[in-house]
Amino acid sequence: MFMQIDNLKVHYPVRGGFFNRVIDHVHAVDGISMEFEKGKAYGLVGESGCGKSTTGKSIIGLEKITSGKIIYEGEDVTNKRRDRKSAYNRDIQMIFQDSHSAMNPRKRVQDILAEPIRNFLSLSPQEERKRINELLAIVGMPEDAKLKYPHEFSGGQKQRLGIARAIATNPKVIIADEPVSALDLSVQAQVLNFMKDIQNEYGLTYLFISHDLGVVKHMCEHISIMYKGRFVETGNTKEIFENPQHIYTKRLLSAIPEVSPIGRIERKRERVNVETHYQKEHNLSFDEKGRVFDLVPVTETHFVAASPTIKEVI
Amino acid sequence: MKTTDELLRIKNLHTGFRIKDTYFDAVDNVSLSLRKNEILAIVGESGCGKSTLATSIIGLLDRNKTRIQGEILYKNKNLAEMTEEELNDVRGLDISMIFQDPLSALNPLMRIGDQIEESLIYHTKLTKEQRKERVLELLNQVGINNPERVARQFPHQLSGGMRQRVIIAIAISCKPQIIIADEPTTALDVTIQAQILDLLIDLQNETGAGIILITHDLGVVAEIADRVAVMYAGEIIEVAPVEELFSNPKHPYTRSLFNSIPQMSQENTRLNVIEGIVPSLTNLPREGCRFSSRISWIPEEAHEDNPTLHEISPGHFVRCTCWKHFHFKSDIGGSHHVYAD
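Keep in mind that what you see is a predicted model, and the values were worked out from it rather than measured. Here the residue numbers are simple positions, counted from 1 along each chain's written sequence. Here every chain gets a letter starting at A, and every ligand a number starting at 1, in the order they are written. Given that the model is predicted, a residue must reach a pLDDT of at least 70 before its local features are reported, and side-chain atom pairs must reach 80 or more before they are shown or counted; all residues, however, enter totals for whole chains, interfaces and linings. The side-chain figures draw on all heavy atoms in the structure; neither hydrogens nor water molecules are used.

Comments concerning the nonpolar core
Here is the rule we go by: We define a nonpolar core as any set of buried Ala, Val, Leu, Ile, Met, Phe, Trp, Tyr and Cys residues linked to one another through side-chain atoms lying within 4.5 Å. The buried label goes to any residue with under 20% of its type's maximum accessible area, the exposed label to any with over 50%, and the partly exposed label to all in between, with areas taken from a 1.4 Å probe on protein chains only. Helix numbers and strand numbers start at the N terminus; a helix is a DSSP run of H or I with at least 4 residues, a strand a run of E with at least 2. Start and end positions for the domains come from either an automated domain assignment or a database one. What makes two residues a contact is simply this: any of their non-hydrogen atoms within 4.5 Å.
Core analysis: the biggest nonpolar cluster contains 67 residues, and Leu139, Leu218, Val228 and Phe246 of chain B have the highest contact counts within it. Broken down by element, this core gets its largest block of residues, six residues, from helix H8 (residues 190-207) of chain B. No fewer than three residues from each of domain 1 (6-232) and domain 2 (235-331) of chain B sit in this core. Excluding its chain neighbours within four sequence positions, the residues that come into contact with Phe246 of chain B are Val259, Ser260 and Pro261 of chain A together with Leu218, Val221, Ala222 and Phe258 of chain B. Membership of the second largest hydrophobic core comes to 62 residues, among which are Met141, Ile198, Leu204 and Ala305 of chain A.

Take a look at the structure:
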């Protein structure tokens, strides 16, 4: 196993009352486990507020982990990821949704790209310049781009610069948090193609966070569906799409508009069916506190959250 | 179900924005009509002029900075020439609008019930009690379970989907003939989006209103539209009934767009990338086929000098003649790796 997340939890304290004491916790991420193999893409899907971005941020160290472990190449890096020069920080990088606000508007492209290089690789100024030119070539931008400022680029170009910065240190894992949701369809296609190309070329592992199941299906071999900070279902892309088990997954799948008007009346009927089913079975699918149940195996790779009583039946 | 009653007819509409004392047309010579009981989708990428078209119809543009030419005929009156006072009598009563971001479209300091009541006060002669009753009826109609409580709440107390339902309640409060929905579900999660789209269809079946749906999402179009107009660089480049457009797209731009969707049904195929970028408003090529620069491998003779819409089958219009000669670059073994802008 290349990388592993074990029972990751991120809880935010809620303060209030007398002396502003901690009175409660928001369970943003509440016990998720994932295993990563090298060179594969993993999708994390859920609706807004389900904790998918918090998961990504906590893996890279932008969010404090309450409990749980991250094991990277056999080493526990849970606390090391906050130490600036660690190898883990070099090997794991992030692409943000809004690349415009992820780049310092007062810096030129060459300085933006040089930042991770200066932090993690000790290169001479000539080597650094060469590396920046290389990076620009990889993302298909002309060399004179390095003297420009971020605002001089279009949305798709900025997203490519964000990718160039993420791959500057030859990372092994890239966490992509909604990398294409701010882009137009044709630009989105460009960025997705490009992310696939560099994945094949450099054997990257992706954690692809998105609310768009179409994009995730296109990019990832493995999908986890998240709800209220926990996984409701996880498995190979095929298994999730062809044999969804959890009522929440079914509801999510039925809600996605299909790019074909044929059969839309039946789809609407199906959607309403699933929705009534969901409302009815809501209590059965989640425990008395509304928490998602623990995962039980369906097949070797496919897991679904189910109540312990149903587990006996399976 | 469909009748041919025409609700709205747009003829040769030009909407220009003033930039340094010159007007640049963001909507360039658009002609369209909307029928009763119809959902007409206007699709395009950002900057194609689809929202400008919508705001031109309902008269929300600043008249000091824009120039509207052409006709927007509603009940034999030209909306484009109406004064602000005349428009106020039409807006909300005959034509209403649903906005993309429900939070910024609602007044944060006003209770939901009062906001819905506003247009009833303006446009109807109902008494206070009748209005209150109508507000609850409307909230009920848009699928809000506890209308009495929601009517007393403020926008921040509601979820995104609930807020959008309130916006729809406001839009349908005076039973308008035409509803313009500008990206009504873009800010919402997919499950909520599905509910809102279903609600729009149900409401339309009840009221028979014509809906103009502005969106960039072809999935949404496939789900609810009856007819589709595709816009590119200020022009309509293809109009067709929805089944026809999705099964038989003709214009190179439409075909390219379809090929860049990460299809739910296909796997591991490369997505199509449209070369180049959408020209900015000030750099729009005003002559010839506006899409020609993005399909440079198609010979120049394929394009018309003055591209017009041609009816190629009943109700299916395509601009320019280049579609007859179009093929994807990758089909002739062209480079896949085109990233240069």
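That covers the picture; the talk isn't over yet.
Regarding the sheet that holds strand E1 (residues 6-19) of chain B
One key point about sheets: their strands pair by backbone hydrogen bonds, in either a parallel or an antiparallel sense. Residues and elements named next belong to chain B. Convention followed: The pairing criterion for strands is at least two bridges between them, as found by DSSP. Note on method: axes are straight lines fitted to C-alpha atoms, helices fitted across the in-contact stretch only, with angles between N-to-C directions ranging 0 to 180 degrees.
Read across the sheet, four strands follow the order E2-E1-E4-E5 without closing on themselves; strand pairing throughout is antiparallel. The sheet is open, and its two borders are formed by strand E2 (22-35) and strand E5 (77-78), each paired with just one other strand. Relative to E2, E1 runs antiparallel, the two being bridged by 10 bridges. Within E2, the residue paired with Leu8 across the bridge is Leu34. Docked against the sheet, helix H1 (residues 50-58) engages E1, E2 and strand E4 (66-74), running at close to 110° with respect to E1.

A closer look at the environment of Leu183 of chain A
Residues and elements named next belong to chain A. Within the secondary structure, Leu183 sits in the loop between strand E7 (173-177) and helix H6 (185-202). The exposure class assigned to Leu183 is buried, which follows from its relative accessible area of 14%. Along the backbone, Leu183 and Gly68 are 115 residues apart, and their C-alpha atoms lie at a distance of 35 Å. Here Leu183 is in contact with Gly155, Gly156, Gln159, Gln188 and Val191, once residues within four sequence places are set aside.

Some points on the domain arrangement of chain A
Residues and elements named next belong to chain A. The criterion, for reference: For any pair of parts, buried area is found by adding up, for both, the accessible area (1.4 Å probe) each one loses once the two are put together. Any carboxyl oxygen of Asp or Glu that lies within 4 Å of a side-chain nitrogen of Lys or Arg is treated as forming a salt bridge with it.
Taken domain by domain, chain A holds domain 1 (3-242) and domain 2 (243-314). Its C-alpha centre places domain 1 at a distance of 28 Å from the equivalent point of domain 2. The interface is formed by 21 residues belonging to domain 1 together with 25 residues belonging to domain 2. Three residues stand out in domain 1 for area buried against domain 2, namely Arg230, Val232 and Glu233, and they jointly supply 32% of the buried area on that side. The interface formed by domain 1 and domain 2 includes two salt bridges.

Structural notes on the side chain of Glu47 of chain A
Note the following rule: Positive charge is attributed to Lys and Arg, negative charge to Asp and Glu, and no charge count is given to His or to the chain ends. Pairs of N or O atoms within 3.5 Å make up the polar contacts considered here, provided that, within protein, one atom can donate a hydrogen while the other can accept it, and that residues adjacent in sequence are counted only when both atoms are side-chain atoms.
The topology assignment puts Glu47 of chain A in the loop between strand E3 (41-45) and helix H1 (52-60). In this structure, Glu47 of chain A is buried with no salt-bridge partner, the nearest side chain bearing the opposite charge being Arg251 of chain A at 4.4 Å. Of the polar contacts made by the side chain of Glu47 of chain A, one reaches the side chain of Thr191 of chain B; its length is 2.3 Å.

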